[in-house]
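The chain contents come next:
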Amino acid sequence: SLLKLSLVAAVHDAAERGKVDLRRRISRSALPRTAEESVLDALEPEHELSIGELCSLSLVTSDNPAADYLLRVIGKEAVNGLLRDLGLEHTRLRAGFGDEEISAAGRASTTTAREALVLVRRLVGERPRIGAVLEGNLRKGRIPLRLPEGTRALNKTGTLLGVVNDAGIVYGDETDVAFAFLSEHQADPPRTEIAIGDCVAQVRLAVGEPVRRPQAVGPEHRSSVGPRAAV
């Protein structure tokens, strides 16, 4: 799901070229169904959403049916073309977001911690709308876990069975830090989420920025789970 960042960016790029209308509306009944949880399930079948709103839902709730529809509109080549333009050699979208592709097939899509870091920094820096939407991300149990209330931060998670990923930017009073965490084969994903939050807190403390519950980042609390990270 980290690559939903590049999917939304590709849709916005196509809109700027006049190939996609972000205001075009689609009824809920026309959107893909899923056996997984989806925020779209709360909507009546006749409810309509714009392409732009589907982009936002793909980021702030990581909604798979919304992303699946967008990918049908834009196509994988448009997304991978954007990734190539960003100079990313190892980041490719090879699987979609439908039920049949988010299990084992979902692992065909790849990135690295370093390239995920480049992805989030470039897209947020060059596309302010994406950054503004990501600040409303509802999934705050990883990078934002130890941040004090009111800290400005944005992040995009990625989750599969045993996979706990997150990439984002935490803004400070003096120092902003971008983070990217990739992990797989995690037997206890909640513990990995805590390890990610603790690592962010340690970095924040090191650069003189405040954290919430700083006592939780001491050696006695550190998780033995070690996700690969880039900062």
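Residues numbered from 1 in each chain as written. Predicted model: local features only at pLDDT ≥ 70, side-chain atom pairs only at ≥ 80, totals over all residues. Heavy atoms only, no water.

This part takes up the environment of Cys 199. Topologically, Cys 199 is positioned in helix α7 (residues 189-206). In the structure, Cys 199 is positioned 56 residues away from Ile 143 in sequence and 8.5 Å away in space, judged by C-alpha atoms. (Helix = DSSP H or I, 4+ residues; strand = E, 2+ residues; numbered from the N terminus.)

For the rest of this paragraph, the subject is the side chain of Ser 183. Relative to the helices and strands, Ser 183 is located in the loop between β5 (177-182) and α7. A relative accessible area of 4% places Ser 183 in the buried class. Here the side chain of Ser 183 touches Val 164 through a polar contact of 2.6 Å, landing on its backbone oxygen. (Buried < 20%, exposed > 50% of the residue type's maximum accessible area, 1.4 Å probe, protein only. Polar contact = N/O pair within 3.5 Å; in protein donor to acceptor, adjacent residues only side chain to side chain.)

The subject of this paragraph is the pairing of strand β3 (residues 153-160). Where burial is concerned, most of β3 is hidden: six out of the eight residues are buried. Bridge count for β3 against strand β4 (residues 163-170) is eight bridges, and the pairing is antiparallel. Within β4, the residue paired with Thr 157 across the bridge is Asp 166. Hairpin geometry of β3 and β4 is characterised by an intervening segment of two residues between the two adjacent antiparallel strands and by a positive phi of about 80° at Gly 162. (Pairing = 2+ DSSP bridges.)

As a further point, take helix α2 (residues 51-60). Counting buried positions along α2 yields eight of 10 residues, so the element is predominantly enclosed. Taken together, the buried positions of α2 are Ile 51, Leu 54, Cys 55, Ser 56, Leu 57, Ser 58, Leu 59 and Val 60. Buried residues along α2 sit in contact with α1 (4-16), β1 (25-27), β2 (48-50), α3 (64-74), α6 (128-134) and β3. (Contact = heavy atoms within 4.5 Å.)

Moving on, we come to the pairing of β4. Burial analysis of β4 places eight of its eight residues in the buried class, which makes it a mostly covered element. Here β4 shows two buried faces, one formed by Val 163, Asn 165, Ala 167 and Ile 169 and the other by Val 164, Asp 166, Gly 168 and Val 170. Relative to β5, β4 runs antiparallel, the two sharing five bridges. When the bridges of β5 are listed, Ala 167 appears paired with Ala 180.

Their axes nearest at 8 Å, the elements α2 and α3 cross at an angle of 130°. In terms of axis orientation, α2 runs oblique to α3. Judged by the twist between their axes, the crossing of α2 over α3 is left-handed. Contacts between α2 and α3 pair Ile 51, Leu 54, Cys 55, Leu 57 and Ser 58 from the former with Ala 66, Ala 67, Tyr 69 and Leu 70 from the latter. Looking at side-chain class alone, the contact of α2 with α3 contains eight nonpolar, one polar and no charged residues. (Axes fitted to C-alpha atoms, helices over the stretch in contact; angles between N-to-C directions. Parallel < 35°, antiparallel > 145°, perpendicular 65-115°, else oblique. Left-handed = near helix turned anticlockwise from the far one by under 90°. Nonpolar A, V, L, I, M, F, W, Y, C, P; charged D, E, K, R; others polar.)

Right, let's talk about the environment of Ser 1 for a bit. Locating Ser 1 in the fold gives a position in the segment before α1. Judged by its relative accessible area of 30%, Ser 1 is partly exposed. A sequence separation of 155 residues divides Ser 1 from Lys 156, and the C-alpha atoms of the two residues are 7.8 Å apart. In this structure, Ser 1 is in contact with Ser 62, Asn 64, Phe 97, Lys 156, Thr 157 and Gly 158, ignoring residues within four places of it in sequence.

Attention now moves to unusual backbone geometry. Leaving glycine aside, a negative phi is the common case for residues, and trans is the common case for peptide bonds. At Ser 62, a position not held by glycine, the phi torsion is positive, near 55°. Taking the relative accessible area as the measure of exposure, Ser 62 reaches 7% and is therefore buried. The backbone of His 185 shows a phi angle near 60°, a positive value even though the residue is not glycine. On the basis of relative accessible area, His 185 is assigned to the exposed category, the value being 70%.

Moving on, we get to the side chain of Arg 204. Residue position: Arg 204 is located in helix α7. Among buried Asp, Glu, Lys and Arg side chains, Arg 204 stands out as unpaired, with Glu 209 the closest opposite charge at 4.2 Å. Leave out the neighbours within four places in its chain, and Arg 204 touches Leu 147, Pro 148, Thr 151, Val 170, Tyr 171, Gly 172, Glu 209, Pro 210 and Val 211. (Lys, Arg positive; Asp, Glu negative; His and termini not counted. Salt bridge = Lys/Arg side-chain N within 4 Å of Asp/Glu carboxyl O.)

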